[in-house]
Amino acid sequence: MRHEYLPPQRRSRLTRRGRLALFLGTLLAIGAAVLIPLLREGEAPEKPRQLVIPEGWRAPQVYAAIDRELKLPPGSAKSAVATAGLALPAEAKGNPEGYLFPATYPVTSKSTPATLLAYMVRTANEKLATRAVADGGKAHGMTPYQTATLASIIEAEAEGRADMGKVARVVHNRLAKSMPLQMDSTINYALNRSTVDTKLSDTRIDSPFNTYERQGLPPTPIDSPGLEAMAAAVAPTPGDWLFFVTVKPGDTRFSATYDEHKKHVAEFNRIRAHAGPRAGQGAAPGK
């Protein structure tokens with residue numbers, strides 16, 4: 001076999017300048033790969049929208065507001081309750097009424113009914129766990145859920161913050177005397193309405209929320225109480241009142257005796273009759 005002579009081949013070797021160019025090229029390639037995600041992370045954050053939940057709203061109103069804000073079909077937020085894993089007390093039996101805390105909540109493209117509902121319930125639990133509310137509730141022998149229930153009545157019945165402590169005292173005094181609370185707000189909740197006109201027939205409805213016929217607190221809160229109502233529930237204004245009626249806007253009368261209360265109710269009726277059928281809006285009939 002013939003063998004040809006082949007001269008040994010020399011490996012090509014990079015010059016110092018070549019090695020430097022290759023090194024810089026590698027760094028630039030790595031830098032470009034790292035730079036892209038860094039630029040993405042550095043993009044301007046999404047500006048949240050605001051969802052405002054006022055004091056005194058009922059759960060269906062909160063659900064509707066969430067659906068509108070997220071542009072979802074009606075009923076979406078309500079349907080999410082069952083699977084949202086809400087941190088509700090056992091007494092609530094899965095019903096978040098009273099625990100959708102009134103506040104302003106941030107809404108982004110990542111928000112869902114479940115995340116918003118969970119945020120509201122978590123906020124309610126935090127407010128009920130503040131030292132003043134928690135200790136005050138214990139002093140009155142109330143669980144946090146009972147505190148929320150009582151606060152929801154105060155939120156619905158008091159015309160303004162100035163009257164919350166007195167309304168709370170009326171409720172506490174009636175509970176202490178084993179008197180029915182006789183709150184029109186609970187009747188309104190049972191009938192899914194909001195009105196100052198409570199008829200005698202309304203007070204005879206068969207409902208656990210009929211506090212004219214049933215003693216004690218209703219089985220659940222009737223709205224979303226704010227922090228002022230919670231504070232009033234555990235620290236009511238001292239007094240012996242058992243009745244109250246808002247005679248006219250800004251004028252709520254509290255009474256310790258039924259005779260005195262009847263006089264205030266009569267004045268309420270006179271003012272309303274004189275002003276016409278739309279008068280008395282915002283006033284609460286006597287308790």
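Residues numbered from 1 in each chain as written. Predicted model: local features only at pLDDT ≥ 70, side-chain atom pairs only at ≥ 80, totals over all residues. Heavy atoms only, no water.

### Considering the overall build of the protein
So, point 1. Of regular secondary structure, the protein possesses 10 helices and four strands.
So, point 2. Sequence-ordered secondary structure for the protein, helices as α and strands as β, is α-β-α-α-β-α-α-α-α-α-α-β-β-α.
So, point 3. Relative to its 287 residues, the protein shows a buried fraction of 39%. (Helix = DSSP H or I, 4+ residues; strand = E, 2+ residues; numbered from the N terminus. Buried < 20%, exposed > 50% of the residue type's maximum accessible area, 1.4 Å probe, protein only.)

### Focus on the packing of helix H6 (residues 144–157) against helix H7 (residues 161–176)
So, point 1. Their axes nearest at 9 Å, the elements H6 and H7 cross at an angle of 125°. Taken as axis vectors, H6 and H7 run oblique relative to one another. Judged by the twist between their axes, the crossing of H6 over H7 is right-handed. Facing Leu 150, Ile 154, Glu 155 and Glu 157 of H6, the residues of H7 in contact are Met 164, Val 167, Ala 168, Val 171 and His 172.
So, point 2. Within the contact of H6 with H7, the residues separate by chemical class into six nonpolar, one polar and two charged. (Axes fitted to C-alpha atoms, helices over the stretch in contact; angles between N-to-C directions. Parallel < 35°, antiparallel > 145°, perpendicular 65-115°, else oblique. Left-handed = near helix turned anticlockwise from the far one by under 90°. Contact = heavy atoms within 4.5 Å. Nonpolar A, V, L, I, M, F, W, Y, C, P; charged D, E, K, R; others polar.)

### Here we look at the pattern of salt bridges
So, point 1. Under the defined criterion, the tally for this structure stands at nine salt bridges.
So, point 2. For Arg 49, the salt bridge identified is with Glu 69, shortest N-O distance 2.7 Å. Residue Arg 49 is found in strand S1 (residues 49–52), and its partner Glu 69 is found in helix H2 (residues 59–70); the two are separated by 20 residues along the sequence.
So, point 3. Arg 49 gets classed as partly exposed once you look at its relative accessible area, which sits at 34%.
So, point 4. Between Arg 131 and Asp 135 there is a salt bridge whose closest N-O contact spans 3.4 Å. Here Arg 131 and its partner Asp 135 are both found in helix H5 (residues 131–139), four residues apart, which amounts to about one turn of the helix.
So, point 5. Given a relative accessible area of 39%, Asp 135 falls into the partly exposed group. (Salt bridge = Lys/Arg side-chain N within 4 Å of Asp/Glu carboxyl O.)

### Quick notes on the packing of aromatic side chains
So, point 1. Tallying each qualifying case throughout the model produces six aromatic pairs.
So, point 2. Ring geometry for Phe 243 and Tyr 258: centres 5.6 Å apart, planes at 50°, overall tilted. Taken together, the positions of Phe 243 in strand S3 (residues 243–248) and Tyr 258 in helix H10 (residues 258–275) put the pair 15 residues apart, joining distant regions of the chain.
So, point 3. The buried category is assigned to Phe 243, whose relative accessible area is 8%.
So, point 4. Members of the aromatic cluster, connected to one another through ring pairs, are Trp 241, Phe 244 and Phe 254. (Phe/Tyr/Trp six-rings, centres within 6.5 Å; stacked < 30°, edge-to-face > 60°.)

### Focus on the nonpolar core
So, point 1. Leu 51, Ile 66, Tyr 99, Leu 100, Leu 117, Met 120 and Ile 154 are the most contacted members of the largest nonpolar core, which has 53 residues in total.
So, point 2. Broken down by secondary-structure element, the contributors of at least two residues to this core are H2, helix H3 (76–80), strand S2 (104–107), helix H4 (113–128), H6, H7 and helix H9 (227–234).
So, point 3. If sequence neighbours within four positions are ignored, Leu 100 has contacts with Ile 53, Ala 59, Val 62, Tyr 63, Leu 117, Met 120, Val 121 and Ser 224. (Core = buried A, V, L, I, M, F, W, Y, C linked by side-chain atoms within 4.5 Å.)

### Side note on the side chain of Thr 203
So, point 1. One can find Thr 203 in the loop between helix H8 (184–190) and H9.
So, point 2. By relative accessible area, Thr 203 is classed as buried at 11%.
So, point 3. At 2.6 Å, the side chain of Thr 203 and the backbone oxygen of Leu 200 are in polar contact.
So, point 4. Non-local contacts of Thr 203, meaning those with residues more than four positions away in its chain, are made with Ile 187, Thr 198, Asn 210, Tyr 212 and Glu 213. (Polar contact = N/O pair within 3.5 Å; in protein donor to acceptor, adjacent residues only side chain to side chain.)

### A look at the environment of Ser 76
So, point 1. Mapped onto the elements, Ser 76 comes out in helix H3.
So, point 2. C-alpha separation for the pair Ser 76 and Thr 112, spaced 36 residues apart in sequence, amounts to 9.7 Å.

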